[in-house]
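# Coordinate analysis (summary)
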Amino acid sequence: KADIQAKLAGIINDSKAVFGLRIDAVRAILALGTKEVGQLIIHRIEQEQRDAGPNYFVLAAYQVLGDNGYPTEATRFWQSQLQNLTDLKQQWRSRRDNKTETVTDTTLACDKQQSQSITADENTWQQESWEFELGYALARLDLKVGIALLKHSLRKVREGAQEGLAKVATGEGVATL
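Quick look at the structure, then. On a predicted model such as this, the values are computed, not experimentally measured, just so you know.

Any two aromatic rings considered together are summarised by their centre-to-centre distance and by the angle between their planes. By the definition in use, this model includes four aromatic pairs. Pairing Tyr56 with Trp130 gives two aromatic rings, centres 4.7 Å apart and planes at 15°, and the pair type is stacked. Of this pair, Tyr56 sits in helix H4 (residues 56-67) while Trp130 sits in helix H8 (residues 128-141), placing them 74 residues apart in sequence. Residue Tyr56 is classed as partly exposed on the basis of its relative accessible area of 38%. Relative to Phe77, the ring of Tyr62 lies with its centre 3.9 Å away and its plane at 5°, an arrangement referred to as stacked. With a gap of 15 residues between them, Tyr62 in helix H4 and Phe77 in helix H5 (residues 71-98) connect regions that are remote in the sequence.

The next subject is H8. Taking 1.5 Å per residue, 14 residues should reach 20 Å; H8 reaches 20 Å between its end C-alpha atoms and fits that length. Listing the buried residues of H8 in full gives Trp130, Glu131, Leu134, Gly135, Tyr136, Ala137, Leu138, Ala139 and Arg140. The secondary structure elements touched by the buried residues of H8 are H4, H5, helix H9 (143-149) and helix H10 (155-167).

At their nearest, the axes of H4 and H8 sit 11 Å apart, and the two run at 5° to each other. Considered as vectors, H4 and H8 are oriented roughly parallel to each other. Between H4 and H8, the residues in contact are Tyr56, Leu59, Gln63, Gly66 and Asp67 and Ser129, Trp130, Glu133, Leu134, Tyr136, Arg140 and Leu141, respectively. For the contact of H4 with H8, a count of residues per class yields six nonpolar, three polar and three charged.

Here we take up the environment of Leu149. Relative to the elements of secondary structure, Leu149 occurs in helix H9. Distance from Leu149 to Gln162, taken between C-alpha atoms, is 8.6 Å for residues 13 residues apart in sequence. Residues contacting Leu149, with those up to four places away along its chain left out, are Leu82, Gly135, Leu138, Ala139, Val157, Arg158 and Ala161.

This next bit is on the environment of Ala25. Inspection of the secondary structure puts Ala25 in helix H2 (residues 19-32). Through-space distance from the C-alpha of Ala25 to that of Gly10 is 9.1 Å; in sequence the pair is 15 residues apart. Setting aside its immediate chain neighbours within four residues, Ala25 contacts Leu8, Ile11 and Ile12.

Two numbers describe how H8 lies on H10: the axes approach to 6 Å, and their chain directions differ by 35°. Where H8 crosses over H10, the handedness of that crossing is right-handed. In contact with Glu128, Glu131, Phe132, Gly135, Tyr136, Ala139 and Arg140 of H8, H10 contributes Arg155, Lys156, Val157, Glu159, Gly160, Ala161, Glu163, Gly164, Leu165 and Lys167. Classifying every residue of the contact of H8 with H10 by side-chain character gives six nonpolar, three polar and eight charged.

The rules we used
Residues numbered from 1 in each chain as written. Predicted model: local features only at pLDDT ≥ 70, side-chain atom pairs only at ≥ 80, totals over all residues. Heavy atoms only, no water. Phe/Tyr/Trp six-rings, centres within 6.5 Å; stacked < 30°, edge-to-face > 60°. Helix = DSSP H or I, 4+ residues; strand = E, 2+ residues; numbered from the N terminus. Buried < 20%, exposed > 50% of the residue type's maximum accessible area, 1.4 Å probe, protein only. Expected span 1.5 Å × (residues − 1). Contact = heavy atoms within 4.5 Å. Axes fitted to C-alpha atoms, helices over the stretch in contact; angles between N-to-C directions. Parallel < 35°, antiparallel > 145°, perpendicular 65-115°, else oblique. Nonpolar A, V, L, I, M, F, W, Y, C, P; charged D, E, K, R; others polar. Left-handed = near helix turned anticlockwise from the far one by under 90°.

Printed below as a string of structure tokens:
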């Protein structure tokens, strides 16, 4: 059993391994392990989050954790990620809205060039898919949180929450809504 856990841990730790294989390894090691193994997996996923930033492996691994006895940890992680993302979007909106796109005749040539260099990437929020995924994951795991997310300030979070709630809808959940 320890040998199998070690091999699975090696797969999980290999960031170059195929995504699906790594997620299957998380599922398998949780099925074989103890609460301590779960905490080690959480530690490893947190380390990857710090090293590589948000990515789909981290999101999916927390979803597996949430489905396999660690809903509190998964919810806490996703809520912190959602708060960070909400804050980042507000900062991005402020930067975007404060850029001047109009250039007057009295502006110096270098200022004109700077002003015209505003690219589509700077004017387009690149994280909408994360908003949706976080809303979906949270709503799927916790009905009350999902219902609260239906009023979130970010549209894609609300859409993700709708999908997540639909995935786990029960008679009791519908009555709560």
